[in-house]
Amino acid sequence: MIHFLHFIWNPSEGFQIGSFTLRFYSLMFVISFVLGFIIMKKIFQRENESMEKLDSLFMYMFISILLGARLGHVFFYQSELIFEDPLSIILPFRFNPTFEFTGFQGLASHGAAIAVIITMYFYTTKILKRPMLWILDRIVIPVASGAILVRLGNFFNSEIVGDKTTSPFGIKFIQDAIRPNEAMRLTQLSNPKDAFNAIATDPKFASILEQIPAKHPSQLYEAVGYVFVFATLLFLYWKTDARLKQGYLFGIFLVMLFSIRIIVEFVKESQGGFESALGILSTGQWLSIPFVIAGFYFILKAKRVE
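The following refers to the structure shown. (Residues numbered from 1 in each chain as written. Predicted model: local features only at pLDDT ≥ 70, side-chain atom pairs only at ≥ 80, totals over all residues. Heavy atoms only, no water.)

## Section: the overall build of the protein
Check the secondary structure of the protein and you find 14 helices and 8 strands. Taken over C-alpha atoms, the radius of gyration comes to 21 Å for the protein, in line with the 19 Å a tight globule of 306 residues would show. By its C-alpha atoms, the protein is 70 × 45 × 40 Å across when sized along the principal axes. In the protein, of all internal contacts separated by at least 6 residues, the share reaching a separation of at least 24 is 69%. Put simply, the protein shows about 16500 Å² of open surface, and 66% of that area lies on carbon and sulfur atoms. When the 27 positive and 23 negative side-chain charges of the protein are each reduced to one mean point, those points stand 9 Å apart. (Helix = DSSP H or I, 4+ residues; strand = E, 2+ residues; numbered from the N terminus. Rg over C-alpha atoms; globule rule 2.2 N^0.38 Å. Contact = heavy atoms within 4.5 Å. Areas by Shrake-Rupley, 256 points an atom, 1.4 Å probe, with all protein chains shown as cover. Lys, Arg positive; Asp, Glu negative; His and termini not counted. Charge placed at Lys NZ, Arg CZ, Asp CG, Glu CD.)

Shown next, in the form of structure tokens:
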């Protein structure tokens, strides 16, 4: 049997600014919106649209993505919160069984996608005054770039990891395998950061590190796939007349991005949800199938509009 020297992943929480820690996931989220704004500004300038409408688009997108992603996670993966701890759905705190600041944990991309599509109807009706597919064909470009950054944020957070593997791609996610309190107990250190670092680097704790299984870096697999989605959409918009075929770019986005999601889910740890009731596929795969079908529909129905 071949044994590989797997990469050990034990990242810091983020950048320390005085007593404040800017977490990597939050940083990736902020960068995704800034980059998205820059991309859409270039698009609006090319299409001779006003910057005032762009400012409104930014607010519509920000609210719909955060709210949709959070509600999507609750409905698809953690519906028990509706009855057990409803305030934690919209607030960054846990109230049951004990009060605790948690941040906004649990965001679902499928929920964000649904919320954005619905929100764009109101945006185009009230502000943009263009067909809904016009804006959907264009916002998918920054959305694809944001998807790359969000998955990198997941990687830094050691979350949404893959299944165990003996392949050379496997990574030992220390902070996924061991909870902070357990790490402190095992190392007899009073600080979680020091405890994790000791497990990762101190030969005295090599036996603990050896027991941590290597897992697929599914976040990186998705991020790399989304790079191709972003590059394809960017090329089609700027270098071809695809933008004139209403619904075409939106359809390409749906097919490519959610097909990648379906494929990566085969090596991803279960995130829960309703998959136990349906079987065969994961919750993420079941949710992705309708988006892929819708994508093919928009591609086939796309018509050139000058």
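## Considering helix α9 (residues 192–201)
Residues of α9 that are buried include every one of Ala195, Phe196, Ala198, Ile199 and Ala200, and no others. If you follow the buried residues of α9, they end up packed against β1 (7–9), α7 (174–177), α8 (180–187) and α10 (206–211). Capping of α9 at its N-terminal end is provided by Asn191; its side-chain oxygen lies 2.8 Å from the backbone amide nitrogen of Lys193. (Buried < 20%, exposed > 50% of the residue type's maximum accessible area, 1.4 Å probe, protein only. Polar contact = N/O pair within 3.5 Å; in protein donor to acceptor, adjacent residues only side chain to side chain.)

## Comments concerning the side chain of Glu222
Inspection of the secondary structure assignment puts Glu222 in helix α11 (residues 218–239). Within the structure, the side chain of Glu222 is placed 2.6 Å from the side chain of Lys268, a separation counted as a polar contact. The contact partners of Glu222, leaving out residues within four places of it in the chain, are Arg151, Ile260, Arg261, Val264 and Lys268.

## What to know about the nonpolar core
Counting 48 residues, the largest nonpolar core has Phe44, Leu57, Met120, Ile135, Ile139 and Leu233 as its most contacted members. Those elements that place two or more of their residues in this core are α1 (24–46), α2 (51–77), α5 (109–128), α6 (132–156), α11, α12 (248–265) and α14 (283–301). Each residue touching Leu233, except ones within four places of it in the same chain, is listed here: Val140, Ile141, Ala144, Leu249, Ile252 and Phe253. Judged by nonpolar contacts, the second largest core, of 13 residues, contains Ile178, Met184, Ala195 and Leu209. (Core = buried A, V, L, I, M, F, W, Y, C linked by side-chain atoms within 4.5 Å.)

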